[in-house]
Amino acid sequence: MDNSLPPADELVLVDRELAQLDARRSQLLARRAWLIQVLYPPVAAAAPLHPRPPVTDSTPRSAQNVLLTLGGTLLTIAAVAFTLVSWGSMGIGARATVLAVVTGAALAAPVALLRKGLRSTAESVAALGLVLTVLDAYALHRVALPETDGPGYTAVASAVLAGAWTAYGSALSRLLIPLPVAVLAAQLPLPLGVLAAGGGSTAFAWAALLTATADAALVLWTRPAAVRITAGTAGAALGGWALLTGGWLSLVTPWSGAPLLLAGAAVTLYGAWRVPAVATAASAVTGLALLAAVGGLLRTALPADWAVPGYVLVALALASVWLLGDATAPREGVSGQGGAAAPGGGLPQGTGSGPAGGGVRLPRGIRLGLAGAGAGVAALGVAWALPPALAGLLGPVARTTEVWSGEHTARALASYPATAVLVLAVAVAALATLPRLWARCGALALAWALLTALPVSLGLPYAATLVLQLLTTAAALWTAVRPGPLTRGLRTPTAPTGHPGAPGPGTPTATAAASSSAPAAGGPTAPRASGPTAPASPTAGGPAASWPAWAPRPPAQAAASAPGVVLGWVAYVAGLASAGSAVALALDVRGATFAVLGAVLALLTGVAVLGADARRVVSATGAVLAATGLVLAVAAANRFEDHWTALALLLVPAATAAVGSRAPRPVALAVEVTGGAVGLLALGLAVDRPAFLALALALGGVIAAATALRPERRRFAAWTAAVLFLLATWVRLAVWDVTTPEAYTLPVTVPALVVGFLRRRRDAEASSWTAYGPGLAVTLLPSLFAAWTDPEWARPLALGVAALGVTLLGARFRLQALLVLGGAVLALDGLHELAPYVVQVVGALPRWLPPALAGLLLLAVGATYEQRLRDARRLRERLARMR
C-alpha cells in the first residue's frame, strides 16, 4: 500500500518544517549572542593615542615665584653690602641721593606693576623696598645720629617703620607683605623702649604683655588673614614670655608677679570669650595664671608647710567653675572662622542669664579650660601628698630588723610636711561631691591613701599604726563587699526597657536597680523616679528610651562595669594592700603576728563568704595563706623542727579539703589548689628526714583519698592518692634499706594490671599495650637489669618463669603486649643464663668450625630465602592481628 503524499502536499510540509527550523535557529543564535555578551563583556574601545605632554618639574607660577624670590634676595644682599661696605667711598650727598632714589623707586614700582597685573613681581619689589627702608634707618643712625642709644633708636625706628609700612600696605591693599611686616615691626617699640630706659625684667614683661594685648586686638578686629596669623603668633610668644616671667616672679616676689599674672589672665580670658576656637586652651592659660597669682600671694601669708595646701585650695575653687552651668544656647554672633565679633561689637550671644534669673553662664570651652587647669594643679598637689602613703604602705616591707625582735624599722619620710594628709582629705571631699564613677573611685583610693599616710605624717606609735592598718583593711574589705552607699547618685547600667527580654520597669531587677542607683555617671543629672516602678526618664536612659526590635541585645558582660562592681574592686585592692602591709608590720612582735594573722584570716574568710565574682576566689586563697602563716607562726613560737613543722602544715590541706566539699565550685577549686601548694611546701620541709617524709606522703595520700570520695574530684584525687601512697611506700622501703627492685615495682605493677584488666573488660578493642604494657614493663625491665648483674640463680629463674607465664598468656589470649614483652624478657634471660656455657663450648671448638657453621647457616637461609620471607610475613601478620 502506497502512503506517500502527493508532491504538492509534501512540498508544503517541507517548507513548513524549514520555516520552523529557521525560526528555532534564529532563537538559538540570539541566545548564543546574549550568553557570549554575559560571559565575555565587550572591551571599551581604546582611546586615541595622543602624545603625552613633557613632564615639567614645576608649574609656570611656581617657577615665576622662585625667580622673583631669588631676584629679590640677590638685590637685598646687594643693597646690604652697598650700605655696609661701600658706604664710606661716597660723599654725604651721593649717599642720600642713592638711598632716596633707590628706596623711592622700589616703593613706587609696585604701583605700576599692579596696574599691569604683575602682582608677584610687585610683591618682590615691595619686599625689596621694605628692606631698603630698614637700611635707610640704619644709615641715618650711622651718619646723622651716631651717638644715639642703640635700643632707644631701634625702638623709635621700628615704631616709625611700622607706621609707614602700615600706611603703605593700606594704600596698596593688594600687596600681602607690607601689613604682616608692619605687625612684626610693631612688636619691638615697647620692649626695646623699656630696655633703653633701664627697666628690669618686670617692666620688660609688662611691655611684652601690652604688646601681646595689642596683637590680640589685631586678631579680633582686623580682617586680613595674614595680619591675624602674624599678630596671633607674635602675641602668643610675647604673652607667653610675660606669663612665664610672672610665674617666676610669683615664686620670688609674689606682690610683683601677681598684678602681671592677673592682667595676663584678663587678656587671655577675654580672648577665650571672643574666639571660641581657642577658648579651651586660652582659658586653661588663664586658670594657670590665676592659680600662680593667688597661690603666690597665699604663700606669703602661710607657713612653708602650708604652701601646697594653699595652691590646692585655690585650684579646687577654680575647678568648681565647671559647676556654673553649660552654655547650651547657640552663639549666633560668632563667625565661623572664630575671629569675628558679635554684631554691634559686643560679647558673643548665647551667654544670657542662667535659669530662674541666675548669673551669666560661662561657655563650655571656658569652663572646660578653667576647670582643667584647676584639676591639673590639684592633681599635682595630690601627687605631692602621696609619698607618705607609699612610705606607710611599703615601709614595713623594707625590713632592716629581725623577725620578732621587738625592734621597729625607722620610718621613712619622717620629716615630710604633715599637711600632706590635709591635701588628701580636701581632695577626697572634693571628689566625693561629684556624681561620677571616676570621681567616686578616686575619692575611695585617696581616702585609703589618707588612712595609710596618717601614721607617717602624724608619727603614730607602733600599736596605733598597727590598729589603724587593721581598721583600714577592715573598712576597705567591707566596702568591697557592700559598696552600695558609695553608689548613691550613680546609675547602674541595665538593658533598655524597650528591648525584648530586658527587665521592665516593674520587674524585680529593674526595681532593685532603681532603688540602688540614681542619675547616670558621666551624664546629666536626671530626676529620680517617683516610685520603684516608675519608668526611667529619657535623660537617664540615653538619647532615646525605646530600644528597636532589630537592635542587638546588649552583652551580658555590661554588668561587669556597674558602679558597684568597679568601686568594690577598687576597695578590694586597697584592702589587700593594707592587709599585706599590716602582716609585714606585725612581724616585729610575736603577739602582734598572731593577732594580725588571725584578723586577716577572719576578714578574708568573711569576704569569701559574703563577696561576689572573683573577689571570693582571691579572698579564699588569701585566707588559706593566712592560715598557713598562723601554722608557721605557731611552729616557730614552739621551736618545732622542720619535719614537725611539715606535719603541722598538713593540717592546712586537710582543712581545705573539708572546706572544698561544701564551698561553691570556683571557691572550692581555689581553696584546694592553694592547700595542695601548702602540702608541697610541707613535703619540701620534710625532705631531709626520710621517715617523716614517708609519713607526710602517706598523710597526703589519705587526704587525697578522702577528697576522691567527691564525684567531681574523683578522677584527679584518686590518681593523686595512688601516687602519694606509692611514693610513701618507696620512701619507707628506702628507709628500711630495701634494695630489691621488685619491692618497688610490684606495688605499681599489680594495681596497673588490675586497672588494665578492668579497662579491657569495658572496651574489648582497647590495645594490650595501653592496658597491660606499662604495668608489665615497670616490673619486667628492672628485674631483667637486676638479673643480668645478679650472680645467683634464684632471680633469673624466677624472672624466666614469670616471663614464660606472661608469654603463654599472651599466646593464649592473643595479646600482643604480653607476647612481645614476655618473649623478649624470656629470651634475654635465657641468653644470660646460657652465655657462660656457650662461651665454654665456643672456646673448646676448633677455630675453623665457627666460620664453617656460619657459612652453612647462610647457605641454608639463602636456599630457603623465599620461604623464610613468607614465614616472616605470616609472623608479622599474626602479631598485627593481636590486640
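Higher on the page you've got the structure.
What counts as what
Residues numbered from 1 in each chain as written. Predicted model: local features only at pLDDT ≥ 70, side-chain atom pairs only at ≥ 80, totals over all residues. Heavy atoms only, no water. Helix = DSSP H or I, 4+ residues; strand = E, 2+ residues; numbered from the N terminus. Buried < 20%, exposed > 50% of the residue type's maximum accessible area, 1.4 Å probe, protein only. Contact = heavy atoms within 4.5 Å. Areas by Shrake-Rupley, 256 points an atom, 1.4 Å probe, with all protein chains shown as cover. Axes fitted to C-alpha atoms, helices over the stretch in contact; angles between N-to-C directions. Parallel < 35°, antiparallel > 145°, perpendicular 65-115°, else oblique. Left-handed = near helix turned anticlockwise from the far one by under 90°. Nonpolar A, V, L, I, M, F, W, Y, C, P; charged D, E, K, R; others polar. Core = buried A, V, L, I, M, F, W, Y, C linked by side-chain atoms within 4.5 Å. Salt bridge = Lys/Arg side-chain N within 4 Å of Asp/Glu carboxyl O.

K.L.:
Please provide a residue-by-residue account of the overall build of the protein chain, values included.
P.N.:
Counting its regular elements, the protein chain contains 34 helices and 0 strands. With 883 residues in all, the protein chain has 35% of them scored as buried. When contacts within the protein chain are restricted to residue pairs at least 6 apart in sequence, long-range pairs at least 24 apart make up 69% of them. Carbon and sulfur atoms provide 71% of the accessible area of the protein chain, an area that totals close to 49600 Å².

K.L.:
Describe the packing of helix α21 (residues 590-610) against helix α22 (residues 613-637), listing the residues and the values that go with them.
P.N.:
Following both chains from N to C, one finds α21 and α22 inclined at 155 degrees, their axes separated by 8 Å at the closest point. The angle between α21 and α22 places the two elements in the roughly antiparallel class. Here α21 and α22 pass one another in a crossing that is left-handed. For the contact of α21 with α22, the class distribution of residues is 16 nonpolar, 6 polar and 3 charged.

K.L.:
How would you summarise the nonpolar core if you had to cite specific residues and measurements?
P.N.:
Among the nonpolar cores identified, the biggest contains 26 residues, and L693 and L697 are the most heavily contacted of them. Looking at this core, the elements with two or more residues in it are α22, α23 (642-649), α25 (665-685), α26 (690-707) and α27 (714-735). Apart from the residues within four sequence positions on either side, L697 is in contact with L683, L724, L727, A728 and V731. Of all hydrophobic cores here, the second largest spans 24 residues; its members include A480, Y572, A582 and A626.

K.L.:
For the pattern of salt bridges, give the residues involved together with the corresponding values.
P.N.:
Scanning all chains against the criterion turns up 5 salt bridges. With a closest N to O distance of 3.1 Å, E712 and R710 form a salt bridge. Overall, the relative accessible area of 11% leaves R710 in the buried class. Each member of the salt-bridge network shares a partner with another, and the members are E672, R710, E712 and R713.

K.L.:
Could you give an account of the side chain of S578, with specific residues and numbers?
P.N.:
Among the structural elements, S578 can be located in helix α20 (residues 563-586). The exposure class of S578 is buried, given its relative accessible area of 4%. Sequence-distant contacts of S578, that is, excluding residues within four places in its chain, are made with L393, W448, T452, Q469, T472 and T473.

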